[in-house]
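Structure assessment
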Amino acid sequence: MGRRSARADAAGEPEASSGPAEGRYEISSGMAELIREPESADSWLLKINGVQSSHVVVGDPLRLDFEYMRWMAALIGSRWESGDKLRVLHLGGGACSMARYLAAAYPQARQVVVEIDAKLAELVRRWFDIPRAPLVRIRVGEARSVTESLSEDSRDLLIRDVFSGSTTPEGLTTLEFTRAVRRVLSPGGVYLVNCGDTPQLAGAREEAATIGEVFEHLVMVADPPMLKGRRHGNVVIAASDEPLETGPALIRELLHGAVPAQLWNGAKIAQFCRGSAIRQDPPVN
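Because the structure is a prediction, the values reported are computed rather than measured.

Inspection of the secondary structure puts Arg100 in helix H2 (residues 97-105). Of the side chains with opposite charge, Asp129 lies nearest to the buried Arg100, which makes no salt bridge, at 5.8 Å.

Structurally, Asn194 is set in strand S9 (residues 185-197). Taking relative accessible area as the criterion, Asn194 reaches 1% and is therefore assigned buried. Among the polar contacts listed, one links the side chain of Asn194 to the side chain of Asn234, at a separation of 2.9 Å. Beyond its immediate stretch of four places on either side in the chain, Asn194 contacts Tyr68, Met72, Arg160, Asp161, Phe163, Thr168, Asn234 and Val235.

Next up on the list: the confidence of the model for the protein chain. Across the protein chain, the average pLDDT comes to 92, with 94% of residues at 70 or higher. Segment residues 1-15 is flagged for pLDDT under 50; beyond a separation of four residues in sequence, or across chains, it makes 36 contacts in the model.

Here the focus is the sheet that holds strand S3 (residues 43-48). Here we have four strands laid out as an open sheet, ordered S1-S2-S3-S4, and antiparallel in their pairing. With partners counted over all chains shown, the strands left at the sheet margins are strand S1 (23-27) and strand S4 (51-57), one partner each. Here the strands of the sheet are splayed against their neighbours by 25° on average, with no regard to which way each runs. In this sheet, S4 lies alongside S3 in antiparallel orientation, the contact comprising six bridges. Among the inter-strand pairings, Leu45 is bridged to a residue of S4, identified as His55. Packed onto the sheet, helix H3 (residues 118-127) meets S1, strand S2 (30-36) and S3 and runs at close to 140° relative to S1.

Within H2, seven of the nine residues are buried, leaving the element largely enclosed by the surrounding structure. For H2, the full list of buried residues reads Ser97, Met98, Ala99, Arg100, Tyr101, Leu102 and Ala105. Looking at the buried side of H2, the elements it contacts are S4, helix H1 (67-77), strand S5 (87-91), strand S6 (110-115), strand S7 (136-140) and strand S8 (155-160).

With that settled, the discussion passes to the packing of H1 against helix H8 (residues 248-255). Where H1 contacts H8, the axes come no closer than 10 Å and their chain directions differ by 165°. The orientation of H1 with respect to H8, classified from their angle, is roughly antiparallel. The crossing of H1 and H8 is right-handed. Along the contact surface, H1 presents Trp71, Ala74 and Leu75, while H8 presents Leu250, Glu253 and Leu254. Residue composition of the contact of H1 with H8, by class: five nonpolar, no polar and one charged.

Pairing geometry for S1 and S2, over five bridges, is antiparallel. Within S2, the residue paired with Arg24 across the bridge is Glu33. The hairpin turn running from S1 into S2, its antiparallel successor, is two residues long.

Here we take up H1. An α-helix turns once per 3.6 residues; consequently, residues spaced three or four apart project the same way. H1 sits mainly inside the fold: eight of its 11 residues count as buried. For H1, the full list of buried residues reads Tyr68, Met69, Trp71, Met72, Ala73, Ala74, Leu75 and Ile76.

About the criteria used
Residues numbered from 1 in each chain as written. Predicted model: local features only at pLDDT ≥ 70, side-chain atom pairs only at ≥ 80, totals over all residues. Heavy atoms only, no water. Helix = DSSP H or I, 4+ residues; strand = E, 2+ residues; numbered from the N terminus. Buried < 20%, exposed > 50% of the residue type's maximum accessible area, 1.4 Å probe, protein only. Lys, Arg positive; Asp, Glu negative; His and termini not counted. Salt bridge = Lys/Arg side-chain N within 4 Å of Asp/Glu carboxyl O. Polar contact = N/O pair within 3.5 Å; in protein donor to acceptor, adjacent residues only side chain to side chain. Contact = heavy atoms within 4.5 Å. pLDDT = per-residue confidence, 0-100. Pairing = 2+ DSSP bridges. Axes fitted to C-alpha atoms, helices over the stretch in contact; angles between N-to-C directions. Parallel < 35°, antiparallel > 145°, perpendicular 65-115°, else oblique. Left-handed = near helix turned anticlockwise from the far one by under 90°. Nonpolar A, V, L, I, M, F, W, Y, C, P; charged D, E, K, R; others polar.

Here it is, written out as structure tokens:
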């Protein structure tokens, strides 16, 4: 194992990519492992402390191998055209798979990726062909504190994909944090959440209930076995203060993917999270 240093450029980010290298790397939060996938020399899987974190195909940023990211991409595509000048905040960096995708799909987008692990951010910049600032800027910091520091109405899209192990830190799931997200989003902006959960779906129910206290319009996307409580997996929640797309074209796109998914909104979500607790910050003593 080993970790080479990278010099910082004038913007405070590591220098341009020198390419991925398979191996195990010490990072600020433990250990990262970069694995070359057998089907392609350009296909890489990143694990953080033994948990699958990201997948990247170096020469094809539009390829997303994690199904929940494809669902997010479908929801984003149903809202914005490729020429729109999106202002995007990513909470959780990993290998910047979604930031790479959006940079290719929305060339006018300006993105900030918040990654708590400084060494991981350095390695990812070195390994992968991530567009430079101002197209994609990687900011080292804690997701909640960075969000709360941002100006009102300063982002059109906020994607939360933060995990410590297999769970999202509780401080990023509360009513108070969700209100901070709403403040940062522009009118009609979208909050996209990757909720990893167990078959009991208690976390997804509480997340939907909490987000629904702040945003008027919600949709949920997941595959049927997940929604029926048959496996661990991912539920994507999208929220906005304006109606979200739920039409036939989006539903067909979700159904025809490699992992067919269902879209819920309105009464189905209300029934799903009925009686679930609203998550709140612990009281300050």
